[in-house]
Amino acid sequence: MSVMARKPWSFKEDRRLMELAKSSVSLEEAAKQLGRTPDAIKRMALRLGLSLKSKNGRKS
């Protein structure tokens, strides 16, 4: 399995993640919509001070 190269987040993606977090979208759904891994979403959410719930109910 190849590791995806990290691509920098654009301002637009930051804003989109903020919107998704506000609308209580799951971590997995946000990852799907932004075309990133759940781990990448989790890291960025932490950096932006956002809280996203995983589908299994745990907050990240």
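Residues numbered from 1 in each chain as written. Predicted model: local features only at pLDDT ≥ 70, side-chain atom pairs only at ≥ 80, totals over all residues. Heavy atoms only, no water.

Caption draft 1: Geometry of helix α1 (residues 11–22). A rise of 1.5 Å per residue sets the reference length of α1, with its twelve residues, at 16 Å; its end C-alpha atoms lie 17 Å apart and thus fit the reference within 8%. Among all positions of α1, only Glu-13, Asp-14, Leu-17, Leu-20 and Ala-21 are buried. Within α1, the buried residues cover an arc of 125 degrees as seen down the axis, which keeps them to one side. Exposed residues lying more than 90 degrees from the buried face of α1 are Phe-11, Lys-12 and Lys-22. The elements touched by buried residues of α1 are α2 (27–34) and α3 (38–48). In the stretch just after α1, Ser-24 is the one whose phi turns positive, near 55 degrees. (Helix = DSSP H or I, 4+ residues; strand = E, 2+ residues; numbered from the N terminus. Expected span 1.5 Å × (residues − 1). Buried < 20%, exposed > 50% of the residue type's maximum accessible area, 1.4 Å probe, protein only. Arc of directions from axis to C-beta. Contact = heavy atoms within 4.5 Å.)

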